[in-house]
Amino acid sequence: MSRFELDWEGLRERLARKEGPAYWRSLEELADAPEVSALIAREFPDWEAPLDRRRFLQLMGASLALAGLSACARPASKIVPYVRQPEAVVPGKPLFFATAMPLGGYGTGLLVESHTGRPTKIEGNPDHPASLGAASAIAQASILGLYDPDRSNVVLKDGAIASWEGFLQVVTGELATKLAAKGAGLRLLTETVTSPTLAGQIATFLKRFPEARWHQYEPLSLGGAQAGTRLAYGQALDTLHRLDQAKVILSLEADFLAEGPASLREAHDFAAGRRVTAPGDAMNRLYVVEASPTLTGAMADHRLALAPSAIPAFAIALAERLGVPLPPGSTPLPTGLDPRWLDALVQDLVSHRGQSAVMACAHLSPQVQALVHAMNEKLGNVGRTVLHTAPVAARAEEPIASMRELVAAMEAGTVDVLVILGGNPAYTAPADVPFAEALLKVRQSVHLSLYEDETSALCHWHLPEAHYLEAWGDVRAFDGTVSLVQPLIAPLYGGKSAIEVLGVLNGAPRADGLQFVRSEWQRRHPGPDFETFWTRALQAGVLPGTAEPPKAGLKVATERLVRPVLAKTSGFEVIFRADPTVYDGRFANNGWLQELPKPLTLLTWDNAALLAPETAARLSLSNGDVVELRYKGRIMRAPVWVMPGHAPEAVTLPLGYGRTRSGKVGTGIGFDAYRLRTAEAPWTDGGLELKKTGERYALASTQHHHDMAAREPVRTGTLDGFRADPAFAHDDPLRLTSLYPEKASEGHAWGMAIDLNVCIGCNACMTACQAENNVPVVGKEQVERNREMHWLRVDRYYQGPLDDPQTVFQPVPCMHCEKAPCELVCPTAATVHSTEGLNDMTYNRCIGTRYCSNNCPYKVRRFNFVEYADFKTPSLEPMRNPDVSVRSRGVMEKCTYCVQRINAARIEAKVEGRPIRDGEVVTACQATCPTRAIVFGDLNDPQSEVSKRKAEPLNYALLGELNTRPRTTYLAKLRNPNPAIEAL
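For every chain, the first residue of its written sequence is number 1, and the numbers climb from 1 along that sequence. Local features are withheld for residues below a pLDDT of 70 in this predicted model, meaning they are given only at 70 or higher, and side-chain atom pairs are given and counted only at 80 or more; totals for whole chains, interfaces and linings count all residues. As a rule here, side-chain values cover all heavy atoms of the structure and leave hydrogens and water aside.

## Regarding the side chain of Thr389
And then number 1: Mapped onto the fold, Thr389 is located in strand β13 (residues 386–389).
And then number 2: Accessibility here uses a 1.4 Å probe with only protein chains present; expressed as a share of the type maximum, an area under 20% marks a residue as buried, one over 50% as exposed, and anything in between as partly exposed. Judged by its relative accessible area of 1%, Thr389 falls in the buried class.
And then number 3: Here, two residues are considered to be in contact whenever any of their heavy atoms come within 4.5 Å of each other. With near-sequence residues (within four places) excluded, Thr389 lies in contact with Leu237, Asp238, Leu240, Glu548, Pro549, Pro550 and Lys551. Each helix corresponds to a stretch of at least 4 residues labelled H or I by DSSP, and each strand to a stretch of at least 2 residues labelled E; elements are numbered beginning at the N terminus.

Here you go:
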């Protein structure tokens, strides 16, 4: 899209007068930009997006067919039957195995579906405290990471192909002398470690080599959470929250719904207090104070956008009003904060003593963290909604200090052997800690990783790492609960786990991961019943009784509390944050996550510098304008994205992009924010300079796709308004007359209800649908042409002023209309109505006229323009769900309500001679949702959960006035505002 000059004052006046649409998705749409109108009008635009030769060759060689350029046919393949079928394998019937996915060192319990020995789909483990049956988008997409053909598949020595045996010879040969000298000059670098087995191995390693040193570095775990508990309680502690028991929640920069090892659990618990089914139901209230918009901020009843430097002043003012004893001093209120807003918040917290929770982002200073602990104690929340436990992670020392000490030793030439287990510190290390340069001075370096990345390129030895679905291990959850990590498939590329590499250094080169893990737990659980214990642990995915118990009797040492020093900033404030899809950059080569629209910006295949509308207006910037960023002597260029609700005079830089060695898919995408990030200020700082360059950069966003023609797509209200008028969102029960014939569903009538009140917009449902239904990715150029293939999308709408809008998320699958407009216009009857009310697609009858998509008011159909699916790469074949066909080009695709799961349940019920039970059919999107916003079932069963949802007063049909009678309906979103603040 070409650059469009926005009339900022006109936009504000228009919103103030409440002219135009009540809900808006983008600034350009709100301004009625002609470019946007033209784009929306052309449902199937076919302009040529720019594609240079280098990117063409990258995508052609990616073996993922991301840009749909190959247009190849399915090759002939050899079919080899079982000579002797394994006892536990029944062809066509998948098995589920419990395991856990480590991320940031912490584990999330999963159930992995396996078809004849091939893991194909991931679900959450309902018995695991961190997942409760849900799974994040990253966890869903990790199945693609397992089969990624760009994964490292050979051992490298100085860039040349070597072997594992050759590495063992070096360890037992030329390195043996160095290792025998008590480990002098030997250094071990890991990410966060919670694995009991790995922690035990590290302890053995340090005992065997007393002069060796262990270092830890995790780029997204550099916060002051434990430093805050040391200041408040005199000891390092982990903080847990019971949000299902909290009536009032205050978040200071804490994006607890989307970030952190407890995010799935906290989203689940938060939603439990958010769900409203009748006017008499209670509802929790969420306040969020933050600089950069987050998913948690989008769910807030009251959100206050403050610059990062103003957050400590807000915390001080709040603590003083709550009666927390602080050292003498005077701290002015942040600019723009109405004291009445703060007073109303204090009154709400105080009136809910023991039923409130104040949460602080781990990135805030230890002084602010300590204030938050003191506030929770003052409010009587500790031991109720706020718990403290012993630290779960095994710690070497503070990560930044550890990295500084290691780099200093490498620069001094005192590091003879450096073993790096996971991570990519050459890419993620702070810009003022020259890890990459110092690494070249190490005499012998070893790196274990999934990819030949930036760190591997600088090491003498590169060892391919086993994916977590290929390796034995164990890992602890946020609360300490231990899960066993069991492989579902043999290592595809001969990779080794960190446990196995450390076993080599500890003198056991021939032992495998299973032996190490079993030995650790046999030591912890001795006795004749070990085999029973082991089998049950593998089956359940959880070791009972391993959670850290909450500590009682804690008391904040008020004499330790200090008044946080307010930073004096100049220029713009810079904010560094994890990217919502590629995390810290480790998932940059994952096509599913690259193409997944980021929840708030809806950007794909890129990151952008986020800034406020007020800042953009002052600097005459619009989406896609390239700016020059200067910070502490470093310079970088990046495109901008104007973010409604962002704090003014601040710029958010998402991490994880700008990779130089990340496989064929992720290399060369976006800008590298790590180049500006420093150890002194890893999350926020002042002094950023921003200069407009006059250049433009094409950003692929889906926010202008799938227009609803100015109709009202979402319905919102307040809790008090719902109590006064329970039917404010409900459709008129008198249906309009229709020219279409009536069709009665025989037996079952499948339908879905989606509760917008608890949908947090995390997009996990989109990735789950992609994995379940073999949905391909298409690449940035095709997304720019409106050709994304997702069968499910999550629309994001704004309501209200530019600088402080309310946000609503709406998942939109196929509506499965009873009066489906698509069916009557298909010339080949490719889209038809089933006897159970499903709108089915018959691929071999589709000739690609696209009439059905033109006639669909919901725009939920996707046309397979080119050969997006990769039929050539051998490693991708086992990944696909065999119950769903892999489509070739020229056919229309869409959500099927996971009809393959309906049929599987039907067969199971028929074999057992019973009807299908309610809840037995769970769609992929429903299964992964952390807040249980999606319910699916039989509408002909009045006792089914979906029938009960549809009978609630908040239920409404999307575009119900069109009389398509969709089987998918929605429950309107409610806010629970504080009347005192609402009146300001």
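## Considerations on helix α13 (residues 339–350)
And then number 1: One fewer than the residue count of a helix, multiplied by 1.5 Å, yields its expected span. Compared with an ideal rise of 1.5 Å per residue, which puts 12 residues at 16 Å, α13 spans 16 Å between its outermost C-alpha atoms and is within 8% of the ideal.
And then number 2: By the burial criterion, the buried members of α13 are Trp341, Leu342, Ala344, Leu345, Val346, Asp348 and Leu349.
And then number 3: Buried residues belonging to α13 abut β9 (248–252), β10 (285–290), β11 (302–305), α12 (311–321), β12 (356–360) and α31 (979–982).

## Section: the sheet that holds strand β24 (residues 650–654)
And then number 1: Reading around the barrel, the 6 strands line up as β19-β24-β21-β23-β22-β25 and close back on themselves, with mixed pairing between neighbours. Taking the axes of each pair of neighbouring strands and ignoring which way they run, one obtains an average angle of 45° across the sheet.
And then number 2: Two strands pair when backbone bridges link them, and strand β21 (residues 609–611) and β24 are joined in this way by 2 bridges, in the antiparallel orientation. Bridging from a neighbouring strand, Leu610 pairs with Thr652 of β24. Should DSSP find at least two bridges between two strands, the strands are taken to pair. Between N-to-C directions, angles span 0 to 180 degrees; the directions come from axes that are lines fitted to C-alpha atoms, helices contributing only their stretch in contact.

## Observations concerning the packing of α12 against α13
And then number 1: Where α12 contacts α13, the two axes come as close as 10 Å, and the packing angle between them is 50°. Here α12 lies oblique to α13, going by the angle between them. Two packed elements cross with a definite hand, and for α12 against α13 that hand is right-handed. Contacts from Phe314, Ala317, Leu318 and Arg321 of α12 reach α13 at Pro339, Trp341, Leu342, Asp343, Leu345, Val346 and Leu349.
And then number 2: Throughout this entry, Asp, Glu, Lys and Arg are counted as charged residues, while Ala, Val, Leu, Ile, Met, Phe, Trp, Tyr, Cys and Pro are counted as nonpolar. The remaining residues, Gly among them, count as polar. The residue makeup of the contact of α12 with α13, split by class, is 9 nonpolar, no polar and 2 charged. For classification purposes, an angle smaller than 35 degrees is called roughly parallel, one larger than 145 roughly antiparallel, one from 65 to 115 roughly perpendicular, and anything else oblique. Crossings are classed by handedness, with left-handed meaning an anticlockwise turn of the near helix from the far one by less than a right angle and right-handed meaning a clockwise turn.

## Section: the pattern of salt bridges
And then number 1: The term salt bridge refers to a side-chain nitrogen of Lys or Arg lying within 4 Å of a carboxyl oxygen of Asp or Glu. Applying the stated criterion across every chain yields a total of 47 salt bridges.
And then number 2: Between Glu191 and Arg586 there is a salt bridge whose closest N-O contact spans 2.9 Å. Placement of the pair is Glu191 in the loop between β6 (186–190) and α8 (196–208) and Arg586 in the loop between β19 (572–577) and α21 (591–595), with a sequence separation of 395 residues.
And then number 3: Two residues, Asp338 and Arg340, come together in a salt bridge whose shortest N-O distance is 2.8 Å.
And then number 4: Assessed through its relative accessible area of 25%, Asp338 is described here as partly exposed.

## Some thoughts on the confidence of the model for the protein
And then number 1: When the pLDDT values of the protein are averaged, the result is 87; 90% of them are 70 or greater.
And then number 2: No element of the protein has a lower mean pLDDT than helix α4 (residues 53–60), which averages 48, and none a higher one than β9, which averages 97.
And then number 3: Between residues 59–80, whose pLDDT stays under 50, and residues either more than four places distant or in other chains, the model counts 52 contacts. One number per residue, pLDDT, summarises how confident the predictor is, and it ranges from 0 to 100.

## Quick word on the state of the cysteines
And then number 1: Put simply, a disulfide is two cysteine sulfurs that come within 2.5 Å. Summed over the entire model, instances satisfying the criterion amount to 0 disulfides.
And then number 2: Cys852 carries a free sulfur, and the closest cysteine sulfur to it, the one in Cys822, is 6.3 Å from it.
And then number 3: Overall, Cys852 belongs to the buried group, its relative accessible area being 9%.

## With respect to the sheet that holds strand β5 (residues 160–161)
And then number 1: Taking strand neighbours across the sheet as the criterion, the 7 strands line up as β5-β4-β16-β15-β14-β6-β7 in an open arrangement whose pairing is mixed. What marks the edges here is a single partner per strand, and that holds for β5 and β7 (213–216).
And then number 2: Pairing between strand β4 (residues 156–157) and strand β16 (residues 461–464): 2 bridges, direction antiparallel. Across the sheet, residue Leu156 finds its bridge partner in β16, namely His462.
And then number 3: Of the strands in this sheet, β15 (444–449) and β16 touch helix α6 (residues 164–172), which is tilted by about 130° from β16.
And then number 4: Against the sheet, α8 engages β6 and β7, with an angle of about 165° to β6.

## Concerning helix α10 (residues 263–272)
And then number 1: Burial runs high along α10: 7 of the 10 residues are buried.
And then number 2: Regarding α10, the residues found buried are Ser263, Leu264, Glu266, Ala267, Asp269, Phe270 and Ala271.
And then number 3: Those residues of α10 that are buried lie in contact with β2 (106–115), β8 (238–241), β9, β10 and β12.

## Overview of the packing of aromatic side chains
And then number 1: A pair of Phe, Tyr and Trp rings is counted when the ring centres sit within 6.5 Å of each other, with Trp represented by its six-membered ring. The angle between the planes then sorts it: under 30 degrees is stacked, over 60 is edge-to-face, the rest tilted. This structure, assessed with the given rule, holds 15 aromatic pairs.
And then number 2: Judged by centre distance (5.3 Å) and plane angle (65°), the rings of Phe205 and Phe209 are edge-to-face.
And then number 3: Taking 6.3 Å as the distance between ring centres and 65° as the angle between the ring planes, the aromatic pair formed by Phe314 and Trp341 counts as edge-to-face. One end of the pair, Phe314, is in helix α12; the other, Trp341, is in helix α13, and 27 residues separate them in sequence. The residues Phe314 and Trp341 share a single accessibility class, namely buried.
And then number 4: Taken together, the ring pairs in this structure connect Trp472, Phe530, Phe533 and Trp534 into an aromatic cluster.
And then number 5: Over the face of the ring belonging to Tyr427 we find Arg659, whose NZ or CZ atom lies 4.9 Å from the ring centre. Charges are assigned to positions over rings by a cutoff of 6 Å between ring centre and Lys NZ or Arg CZ, combined with an angular limit of 35 degrees from the ring normal.

## Considerations on the pairing of β13
And then number 1: Burial of β13 is two-sided: the residues Val386 and His388 facing one way and the residues Leu387 and Thr389 facing the other way are all buried.
And then number 2: Bridge count for β8 against β13 is 4 bridges, and the pairing is antiparallel. Across the sheet, the residue bridging to His241 is Val386, located in β13.

## Quick look at the pairing of β19
It is a general feature of regular strands that their side chains alternate between the two faces of the sheet.
And then number 1: For β19, a buried count of 6 out of 6 residues is recorded, marking the element as mostly surrounded by other parts of the structure.
And then number 2: Where burial is concerned, the two faces of β19 agree: the one with Phe572, Val574 and Phe576 and the one with Glu573, Ile575 and Arg577 are both buried.
And then number 3: Across 3 bridges, the pairing between β19 and strand β25 (residues 684–696) is antiparallel. Its bridge partner being in β25, Val574 is matched across the sheet by Asp685.
And then number 4: As defined by bridge partners, β19 adjoins β24 across 5 bridges and the pair is classed as parallel. Across the sheet, Arg577 pairs through a bridge with Pro654, a residue of β24.

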